[in-house]
Amino acid sequence: MMRSAASTVLLAALLLTSGCEREKREFKSERAESGDRDEVALSSLSPGATPPQVATSGRAATFEGNAYHVAQGKRLFTWFNCNGCHAMGGGDSGPPLMDDKWIYGGTIENIVATIREGRPNGMPSFRGKIPDDQIWEIAAFVRSMGGNLSKNVAPQRNDDLNPFPAENRRPPSPPTTGGQPLPASRGTQ
Amino acid sequence: MSDGTMRELASMKHRSLVGLCTIAFVAMTSLCLGQSIVPPPSASPQEDGQWVMPAKNYASTRYSGLDEINTANVANLRVDFTFSTGVVRGHESAPIVVGSTMYVLAPYPLILYALDLTRPGAPLKWKYEPKPEAAAQGVACCDVVNRGPTYGDGRIYYTTLDSHTVAVDAATGREIWNVKLGDINIGETMTMAPLFARGKVFVGNSGGEYGVRGWIVALDAATGKSVWKAFSTGPDADVLIGPDFKPFYDMDRGKDLGVTTWPPDAWQQGGGNVWGWLSYDPDLNLIYYGTGNPGPWNPDARPGDNKWTAGIFARDPDTGAARWFYQWSPHDLYDHDGINEQILLDMPWQGKPRKVLVRPERNGYLYVLDRTTGEVLSAKAFAYLNASRGVDMKTGRLIENPDKAPVMNKVVRDICPTAPGAKDWNPSAFSVRTGYIYIPHNNLCMDYEGVEPNYIAGTPYIGANVTMHAGPGGNMGEYTAWDIAAQKPAWSLKEPFPVWSSTLATAGDVVFYGTMEGWFKALDARTGRLLWQFRTGSGIIGQPTTYRGPDGHQYVAILSGVGGWAGAIVSGQLDRRDATAAKGFVNATRNLPDYTTAGGTLYVFRLP
């Protein structure tokens, strides 16, 4: 009787602790200079029978699947004034980030490359200005803008002026490789 | 006929002419003492059929003395020729005409086209490509626009998005000079139309949304070398404030106000950019121009009056020395750039002739200033507004409504007018025949939340979440004929979208403007009755001009190509689901893509 009561308590405690388990947070950022281990292509076209060669580091899953990283990315998106040009995803002088059209590719690796290298029609290069992990966090948040991350990872409603449904309530709009506007007609407004 | 008779006749003719002139002079004088309102003749020379600067003349009347196209026949207007600029961004520029050549400046990449008006279809004579830095597009707040080229001394001058100013031989298209004046890495761009006067070209910078310190520079028209440069913030020495500076109001008097009316060093990112219009009074030898909004938008980050932003300067064009200044919006709360056009008029004011300057301002008031002193004679609201309650005529200060003042981290609802103001950059016109100012403007309100701004050079410096919507009545645009003598509207029309185009008045008593859906309209200048309209390929945000062609007939020209801040949703293909897109303008113009697509075409009209 005592034993079974004790085991129930133990079981309950176990359940509680496992229920309390939080997703892993990485607080240590890599140095700003750290390079990219991802090889991305900006075209689906590659001469011959094989598609363009790409190699990804696997960091995508680390950042896209982690609510802490995405939440940090949302904070940094404003801190680095990304919202000044892209608004909260609808675009301004820079193109929108919540739709499915991506001039320079819509995967997280593409977005990281765009932030780090800049793009010719107005996107600044942030290499050496934003630590690498923070670039990944911003890129992960950008992915959430189009509803492309899991609902338990994407940010919820703002405490600020709410101009649209929260990221975790948006219907997914996966990047398409078709229908892109010309960069010069789209890069800015 | 004998020689004697001839002489007698000639002298009779002479006498009668003198008589006529005397009568005319007396009539004009009596009119002057009565109700005559005219631009100063030195700033608005006799009609010569050309249109050599976007504002038409130094008085900025945008009024043409041509009257072949008039209220009776304008309904017959038809397209004479078109020209594609090859760019599908916002076309805010004015096609200008010098002799028998038309000059058309497209948005970025800012190619200048010269069209030969002597030949059918106005074929291309030459084009000039300044090849501005592509990255400059990333620091252009409100589309990659340009507000026009200007002509003087055989050269065409214009600014480029990467902060250059160029001079091109008007006959050949050869580049004469090309000077770099700013740095895109701190967010500095140039979009304004230069003013040419006294052998100099006056230009200023844009970048009020990037914490760029504003300035105006006078360039030698022959060489492009800087003659003087005056900043809009900072110590008096930088602002060219010296012993000649005599502002009318106490609030603008004191030493180094460009430093002391800011938190420490904030003036260095303080804005006050000179991206709008200049006028010039040759008699007083003064140039007039406005300064842009202080940076950042969020006013809590910059306690103080923030001199010399959101105001107007009168300066000596030769030395740059400031003569007077008046601040429309001390400690501006709403991004109310003070850069709109100033129309110079001579008119009786309370029985006395006054030299005035008329300014329909972003904050919603139509100001009449004495242009010799900077005294406010009148400030009457020309649009719906609740953000302020008038102008204190003793102190000259705008009386703000505390209920509508932005608060950090709180959403303040229904502030009217919005950030783009009751009226933005797009200039109005004045008809000497009606005495009306024709004002294309907005009817918009906004919700505004101040948030912490963060200065990073070359990125936006704003600190506000904004969404805009239509003002009372549901229409976002208005076109108002303002009776300057009576100080009230004579008539006003509603437009569904903001009226983001300029306007033109003619001696045929017809006024022209364009809509964001693409209609180019002609109205009866006296009544506002719609006489003619033509649907162009894209929305219109440009500046109509008119000229007499080499064949002796009158033509009307307009660039069609939607964009700019108001049309960014179309030209930038923004996503309407985000109400804060384009600094909140997308929330208001969210349906514009259902009415127009991007484009870039010149349309020129004539009678059959």
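Predicted, not measured: the structure shown is a model, and the values here were computed from it.

Rules used in this analysis
- By convention here, each chain's residues receive numbers from 1 onward along its written sequence.
- Think of it this way: whatever chain is written first is A, whatever ligand is written first is 1, and the rest follow in order.
- Totals for whole chains, interfaces and linings use every residue, but because this is a predicted model, local features are given only for residues with pLDDT of at least 70 and side-chain atom pairs only at 80 or more, for both listing and counting.
- Excluding hydrogens and water, the side-chain figures rest on all heavy atoms present in the structure.
- A strand pair is defined by DSSP finding two or more bridges across the two strands.
- Counting from the N terminus, the helices are the DSSP runs of H or I reaching at least four residues and the strands are the DSSP runs of E reaching at least two.
- Note on definitions: angles span 0 to 180 degrees between N-to-C directions of axes, and those axes are lines fitted to C-alpha atoms, for helices only across the stretch in contact.
- Only protein chains enter the accessibility calculation, which uses a 1.4 Å probe; a residue whose area is less than 20% of its type maximum is buried, one above 50% is exposed, and one in between is partly exposed.
- Here, residues are in contact when the closest pair of their heavy atoms is within 4.5 Å.
- Once two parts are joined, some of their accessible surface, as seen by a 1.4 Å probe, is lost; buried area is that loss totalled over both.
- Salt bridges are defined by distance alone: a side-chain nitrogen of Lys or Arg within 4 Å of a carboxyl oxygen of Asp or Glu.
- Side-chain atoms alone can form a polar contact between residues adjacent in sequence; in general such a contact is a pair of N or O atoms within 3.5 Å, and within protein one must be able to donate a hydrogen while the other accepts it.
- Any angle between 65 and 115 degrees counts as roughly perpendicular, while under 35 counts as roughly parallel, over 145 as roughly antiparallel, and the rest as oblique.
- We call Asp, Glu, Lys and Arg charged. Ala, Val, Leu, Ile, Met, Phe, Trp, Tyr, Cys and Pro are nonpolar, and the rest, Gly among them, are polar.
- Throughout, a disulfide means two cysteine sulfur atoms within 2.5 Å of one another.
- Ring pairs are drawn from Phe, Tyr and Trp, using the six-membered ring of Trp, whenever the two centres fall within 6.5 Å, and their geometry is named by plane angle: stacked under 30 degrees, edge-to-face over 60, tilted for the rest.
- A residue's pLDDT is the predictor's confidence in that residue, given on a scale from 0 to 100.

**Describing the sheet that holds strand E38 (residues 601-606) of chain B**
Residues and elements named next belong to chain B.
Thought 1: Spatially, E2-E38-E37-E36 is the arrangement adopted by the four strands of the open sheet, whose pairing is antiparallel. The open sheet has two free edges, formed respectively by strand E2 (78-84) and strand E36 (545-548), since each of these has just one partner strand. Strand after strand, the sheet turns through a mean of 25 degrees between neighbouring axes, direction not considered.
Thought 2: Across four bridges, E36 lies against strand E37 (residues 554-560) in antiparallel orientation.

**Remarks on unusual backbone geometry**
Residue and element names in this part refer to chain B.
Thought 1: Residue proline 296 follows glycine 295 across a cis peptide bond; omega there is -5 degrees.
Thought 2: A cis amide bond links lysine 307 with the next residue in sequence, tryptophan 308, at an omega value of 0 degrees.
Thought 3: Positionally, tryptophan 308 belongs in the loop between strand E16 (286-290) and strand E17 (311-315).
Thought 4: Of note, asparagine 285 is a non-glycine position whose phi angle comes to about 50 degrees, a positive value.
Thought 5: Note that asparagine 285 resides in the loop between strand E15 (278-281) and E16.

**Considerations on helix H5 (residues 108-117) of chain A**
Residues and elements named next belong to chain A.
Thought 1: H5 sits mainly inside the fold: nine of its 10 residues count as buried.
Thought 2: Regarding H5, the residues found buried are Ile108, Glu109, Asn110, Ile111, Val112, Ala113, Thr114, Ile115 and Arg116.
Thought 3: In the core, the buried residues of H5 are packed alongside helix H2 (59-64) and helix H6 (132-145).

**Focus on the interface of chain A and chain B**
Thought 1: Listed per partner, the contact involves 30 residues of chain A and 36 residues of chain B.
Thought 2: Approximately 2600 Å² of surface area, both sides summed, lies buried where chain A meets chain B, with 50% of it carried by carbon and sulfur atoms.
Thought 3: Run the count over chain A and chain B and you get one salt bridge.
Thought 4: Between B:Lys583 and A:Asp92 there is a salt bridge, with the nearest N and O atoms lying 3.0 Å from each other.
Thought 5: At the boundary of chain A with chain B, the tally comes to 14 residue pairs in polar contact (both at pLDDT 80 or more).
Thought 6: Residue assignment for the side of chain A that touches chain B shows that the elements contributing at least two residues are helix H4 (82-86) and helix H7 (183-186) of chain A.
Thought 7: Considering every element that reaches the side of chain A that touches chain B, the biggest residue donor is H7(A), with three residues.

**So, the packing of helix H3 (residues 67-79) of chain A against H6(A)**
Between two packed helices, both the angle of their axes relative to each other and the distance between the axes serve to describe the pair.
All names here are of chain A.
Thought 1: Running from N to C, H3 and H6 cross one another at 95 degrees; their axes reach a closest spacing of 7 Å. Judged on the interaxial angle alone, H6 and H3 are roughly perpendicular. Mapping the contact onto sequence places His69, Val70, Gln72, Gly73, Lys74, Leu76 and Phe77 in H3 and Gln134, Glu137, Ile138, Ala140, Phe141, Val142, Ser144 and Met145 in H6.
Thought 2: Considered class by class, the residues forming the contact of H3 with H6 number eight nonpolar, five polar and two charged.

**Section: the state of the cysteines**
All names here are of chain B.
Thought 1: Taken as a whole and assessed by the stated rule, the structure comprises two disulfides over all chains.
Thought 2: A disulfide bridge connects cysteine 141 with cysteine 142, and the sulfur atoms are separated by 2.2 Å. One quick way to see it: the torsion about the S-S bond of cysteine 141 and cysteine 142 is about -105 degrees, and its sign makes the bridge left-handed. Taken as a pair, cysteine 141 and cysteine 142 share a single burial class, namely buried.

**Quick notes on the packing of aromatic side chains**
How two aromatic rings sit relative to each other is given by the distance of their centres and the angle of their planes.
All names here are of chain B.
Thought 1: Using the criterion set out here, one finds 40 aromatic pairs over all chains in the structure.
Thought 2: Plain terms: the ring middles of tyrosine 479 and tyrosine 513 are 4.2 Å apart, the flat faces sit at 20 degrees to each other, and that makes the pair stacked. With tyrosine 479 in strand E30 (residues 477-483) and tyrosine 513 in strand E33 (residues 510-514), this residue pair connects regions lying 34 residues apart in the sequence.
Thought 3: What makes tyrosine 513 buried here is its relative accessible area of 0%.
Thought 4: Aromatic pair tryptophan 565 and phenylalanine 585: ring centres 5.7 Å apart, planes at 80 degrees, arrangement edge-to-face.

**Examining the confidence of the model for chain A**
Thought 1: Residues with a pLDDT of 70 or more make up 84% of chain A, whose mean pLDDT is 85.
Thought 2: Ignoring residues within four places in sequence, the model shows residues 184-189 of chain A, a span with pLDDT below 50, making 40 contacts including any to other chains.

**A word on the pattern of salt bridges**
Residues and elements named next belong to chain B.
Thought 1: By the definition in use, this model includes 37 salt bridges over all chains.
Thought 2: A salt bridge links arginine 362 to aspartate 424, with the shortest nitrogen-to-oxygen separation between them at 3.4 Å. Of this pair, arginine 362 sits in the loop between strand E20 (352-360) and strand E21 (365-370) while aspartate 424 sits in the loop between strand E25 (411-415) and strand E26 (429-430), and the two are 62 residues apart along the sequence. Like aspartate 424, arginine 362 is buried.
Thought 3: The closest approach of N and O atoms between arginine 433 and aspartate 509, which form a salt bridge, is 2.9 Å. Residue arginine 433 is located in the loop between E26 and strand E27 (436-442), and its partner aspartate 509 is located in the loop between strand E32 (503-506) and E33; the two are separated by 76 residues in the primary sequence.
Thought 4: Arginine 433 sits in the partly exposed class, given a relative accessible area of 44%.

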